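The primary structure of each chain is shown beneath.
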Amino acid sequence: MTARSRLVSRYSLAVLAVLLAALLHAALDPVWGGRIPFVAFYPAVVFVAWFAGMGPGLLATVLSALLITRAWLVAPSVSAEGHVVALAFFVSAGVTVSFLVAARDRARDSVDLLLRHTPLGLAIHDADFRYVRVNRALAEMNGLAPGAHRGRTVREVLGDAAADLLEPLLQRVHTTRRPVTVDSLRVPLSDGPSEKGERYFSLIYSPILDGRGRVTGTAASVVEVTARVRAEQALDHERELLQTIIDTIPAMITMFTPDTRVLRLNREFERVTGWTATEAQRVDFMAACYPDAEYRAMVRRHMEAPEAGWLDLEMTTKSGGVVQTSWSNVRLSDGSRVGIGVDITERKAHEAELVAARATAERANRAKDEFLAMLGHELRNPLSAIGSAVAVLERLRVDDLRGTRATQIIARQTQHLARLMDDLLDVGRVVTGKIILEPRAMDLLAAARRAVATLRAAGVTERHDVSVDGRPVWVTGDATRLEQVVTNLVSNALKFTPAGGTIRVWTGVEGGEALLRVSDSGVGMSPDLLPRIFDLFVQGDQPPERASGGLGIGLTLVRQLVELHGGRVEARSAGAGQGSVFTIRLPVARTTVSDDAGGRQAGVAPCRILVVEDNADARDMLLALLTLDRHEVVTAADGPAGVDAALRLRPDVALVDIGLPGLNGYEVARRIRATESGRAIKLIALTGYGQSEDTRQAREAGFDLHLVKPVEPGRLDEALRALRPTDAQP
């Protein structure tokens, strides 16, 4: 039905009602004789106004007034004044009723509009739990039209399962006459044959009381909260999943509010510290974990840092113990923080053990260095005396052949002992980085010839065919150290080559690199030995007739010295009995300045020499050796005597031992240099301490040269020649 047709129907109802009232009036008028003409029209006006509204009610009032007035004009039953008063009263009553009904309709429309558009489900139940009125929101929740609810019980509309939950609540309202509120009720709803599944509602049941306080019904307010409950369930699931995940992580996880209150702690944190999240939330957790205020402030600054970073922290546990931890914090957008921590107590303990072990190793290494230095000093003193004695015997030219032979053996074995000791000490220096090279342009071929010549002079090559050939090759290196390399390689070949064998030393250039090759016809090397031949203390099988042993450090020293020069060394052998070849490759020098310039000079002119040495044998042999060379020699047995002799006699050169009683050699040099006359004296440190640190200290004390015992006569002559020109006068 359209709005226009409804309007026509309403006004037609007004006309029809007035006509029926007129007929009733006409029928009853003979009874009351026209004295109460309005009595039949009052119900008609009220009926029309109540059911059709204000407009039809006013129309019915007007039509009724016209009909009554017409009937009065035809047959006046009362006076004109009485009729006017009655008519005015009737019209007023009709208008009032129409307006009252209109107000009622407006209120009802407002309520209906509110009920129709509110998302809140509203219903009224009678005392038998039947629906009296239901708004559209609740009807949609229940899956039925609003009209389909009227007169039906909760069980009939929602089903038995829902009714079993709701009827006890309604009954409680009737019993207690108090509202019942349920925040979240799981209600299984059915819609005919199809199940809607479980849904969640928030509801309030309020009692409707009559004038005597009796419950006549119930007002229901219902909101479906299924989405909220599902979201809460999902959130709870996510929280449970998150907690499960962080509890399985083998790292400590913490969550803090912006003011550092604990939100969450994981199982690993509880294991390490003993604190649970519930316990931590009841105390000042930061103060409990970090009792010291300054330390706690530092921790807070780390937590508030804009960039995440790791910081090692000491944490106090629940039991009062201390654990070592490392933490990184991530700041979230709301200001809260997530901390990730690791228990590093064992690592710290291990690091402390490593530090202690390193300190112990360093102390042991220092003790070893000191021992080796002392060993060298103690060995060099007797070797120096023996070497000087041999030099004296050689210069005295003993006529007895056996004496000459004995002198040669002593000299050779002394040199062998000195070389073994130097190799042993040099390996330690190279490994610890204490060897300082003095590189200069030098001829590798000349260095090889000098090294072999020294070996020949020592008599160790007599039973072998040793030769040096090739072409001059210029490299930048420490001549003394490279000669030591050649000496060690040739000495190694001599040890592993039977008598009569050949040893060849060759120098040249190959592939833009300087080469030095030492080959022999000796016992060779097995394939399993080749990769280890340069390792410390590794030695190959030696022939029974070998005359000298060794410590297995010569080739190790060769490799280390070559690598210090920026080169490399390799070994090859075709196998047992096939000989060996050692090849050294070094960078070629850009310049070719002769390393022999001025190397061949005339003998040392006799000069006045002071020998300060506490070892009597070494002192006497030096005295004898220097006297044979026509030097004027004076000796002193301790430091104070040496200073006194130097200042009193003013020698040209003073050979001063470092390990002297009274005053050590460094102090002797300082006191001599402190005087005007002592500045002209050439000072040579003659000592068993041969490390680079000893050389540096000697120079700082005022020594011109530093010689390590045992000093070969030739090396001593070179030192004197360097300090005293050949034209010097005694």
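Shown above is the structure to which this text applies.
Here is a short report on the structure shown in this document. Chains are numbered independently. Their residues run from 1 in the order of the written sequence. Where totals are concerned, whole chains, interfaces and linings use all residues; where local detail is concerned, this predicted model gives features only for residues with pLDDT of at least 70, and gives and counts side-chain atom pairs only at 80 or more. The side-chain quantities take in all heavy atoms of the structure and omit both hydrogens and water.

The secondary structure listing takes helices from DSSP runs of H or I that are at least 4 residues long and strands from runs of E that are at least 2 residues long, numbered from the N terminus. Summing up its helical and strand segments, the protein chain has 23 helices and 22 strands in all. Looking at the protein chain residue by residue over its 730 residues, the buried ones come to 42%. For the protein chain, the exposed area adds up to about 38,300 Å²; of that, 57% sits on carbon and sulfur atoms. Here the term buried applies to any residue with accessible area under 20% of the maximum for its type, exposed to any over 50%, and partly exposed to those in between, with areas from a 1.4 Å probe on protein chains only. Each accessible area is a Shrake-Rupley result for a 1.4 Å probe, and residues are judged covered by the shown protein chains and nothing else.

The next point concerns the side chain of Arg619. Its place among the elements puts Arg619 in helix 19 (residues 616–628). Charge counting follows a simple rule: Lys and Arg are positive, Asp and Glu are negative, and His as well as the terminal groups are ignored. Any carboxyl oxygen of Asp or Glu within 4 Å of a side-chain nitrogen of Lys or Arg constitutes a salt bridge here. In this structure, Arg619 is buried with no salt-bridge partner, the nearest side chain bearing the opposite charge being Asp620 at 4.4 Å. In contact with Arg619, other than residues within four places in its own chain, are Val611, Glu613, Asp614, Thr635, Ala636 and Ala637. Should any heavy atoms of two residues lie within 4.5 Å, those residues are counted as being in contact.

DSSP calls a pair of strands paired once it identifies at least 2 bridges connecting them. Taken together, the 5 strands give an open sheet; going across it, the order is 12-14-15-17-16, and neighbouring strands pair in mixed fashion. Of all the strands in the sheet, just strand 12 (465–470) and strand 16 (568–572) have a single pairing partner and so form its edges. Geometrically, the sheet is characterised by an average inter-axis angle of 15° between neighbouring strands, direction not taken into account. With 6 bridges joining them, strand 12 and strand 14 (residues 502–510) adopt parallel strand pairing. Directly across from Asp469, in strand 14, lies its bridge partner Trp506. Angles here are taken between N-to-C directions and fall from 0 to 180 degrees, while the axes themselves are lines fitted to C-alpha atoms, restricted in helices to the stretch in contact. Contacts from helix 16 (residues 444–457) reach strand 12, strand 14, strand 15 (513–520) and strand 17 (580–587), with the element oriented near 165° to strand 12. Each of strand 16 and strand 17 touches helix 18 (residues 554–564); the most contacted strand, strand 17, lies at about 20° to it.

This part takes up the pattern of salt bridges. Per the stated rule, a full pass over the model turns up 28 salt bridges. Between Lys318 and Glu279 there is a salt bridge, with the nearest N and O atoms lying 2.7 Å from each other. Here Lys318 is found in the loop between strand 8 (310–316) and strand 9 (322–331), whereas its partner Glu279 is found in helix 11 (residues 277–281), with 39 residues between them in sequence. Classification of Lys318 as partly exposed rests on a relative accessible area of 44%. Glu570 is the partner of Arg585 in a salt bridge, and the nearest nitrogen-oxygen pair spans 4.0 Å. Linking Arg585 in strand 17 with Glu570 in strand 16, this pair joins segments that are 15 residues apart in sequence. Relative accessible area serves as the criterion here: at 35%, Glu570 is assigned to the partly exposed category. Ionic contacts of the salt-bridge type, sharing partners, join the residues Glu510, Glu513, Arg568, Glu570 and Arg585 into one network.

A few words now on the packing of aromatic side chains. Aromatic contacts are taken between Phe, Tyr and Trp rings whose centres are within 6.5 Å, Trp giving its six-membered ring; a plane angle under 30 degrees counts as stacked, one over 60 as edge-to-face, and the others as tilted. Inspection of every chain in the model, using the stated rule, returns 8 aromatic pairs. For the ring pair Tyr290 and Tyr295, a centre distance of 6.1 Å and an interplane angle of 40° mean the geometry is tilted. Geometry around Trp50 places Arg104 over its ring, the cationic atom sitting 4.2 Å from the centre. Whether a charge sits over a ring comes down to the Lys NZ or Arg CZ being within 6 Å of the ring centre and within 35 degrees of the ring normal.

The next subject is the environment of Ile672. Within the secondary structure layout, Ile672 lies in helix 21 (residues 665–673). The class of Ile672 is buried, set by a relative accessible area of 1%. Each residue touching Ile672, except ones within four places of it in the same chain, is listed here: Ala646, Leu647, Gly678, Arg679, Ile681 and Leu683.

This brings us to the packing of helix 16 against helix 17 (residues 479–495). Each packed pair of helices is defined by two parameters, the angle between the axes and the distance between the axes. Between helix 16 and helix 17, whose axes approach to 9 Å, the crossing angle comes to 55°. Between helix 16 and helix 17, the interaxial angle falls into the category oblique. Helix 16 and helix 17 meet at a crossing whose hand is right-handed. For the pair formed by helix 16 and helix 17, the contact residues are Leu444, Ala447, Ala448, Arg450, Ala451, Val452 and Leu455 on the first element and Ala479, Leu482, Glu483, Val486, Thr487, Val490 and Ser491 on the second. When describing relative orientation, an angle under 35 degrees is termed roughly parallel and one over 145 degrees roughly antiparallel, while 65 to 115 degrees is termed roughly perpendicular and anything else oblique. Handedness of a crossing follows from how the near helix is turned relative to the far one, being left-handed for an anticlockwise turn of less than a right angle and right-handed for a clockwise one.

A contiguous nonpolar surface patch, about 320 Å² in accessible area, is contributed by Leu16, Leu20 and Leu23. Note on placement: Leu23 falls in helix 1 (residues 3–32). Here, patches come from residues exposed beyond 30% relative accessible area and free of salt bridges, joined within 9 Å for like charges and within 5 Å for nonpolar side chains (Val, Leu, Ile, Met, Phe, Trp, Tyr).

Moving on: the packing of helix 20 (residues 639–649) against helix 21. Relative to each other, helix 20 and helix 21 sit at 25°, their axes nearing to 10 Å. By the angle class used here, helix 20 and helix 21 are roughly parallel. Our pair here, helix 20 against helix 21, has a crossing hand that is right-handed. Listed contacts from helix 21 to Gly639, Val643, Ala646 and Leu647 of helix 20 are Val668, Arg671 and Ile672. Any residue outside Ala, Val, Leu, Ile, Met, Phe, Trp, Tyr, Cys, Pro, Asp, Glu, Lys and Arg is labelled polar, Gly included; the first ten of those are nonpolar and the last four are charged. Here the contact of helix 20 with helix 21 is composed, by residue class, of 5 nonpolar, 1 polar and 1 charged.

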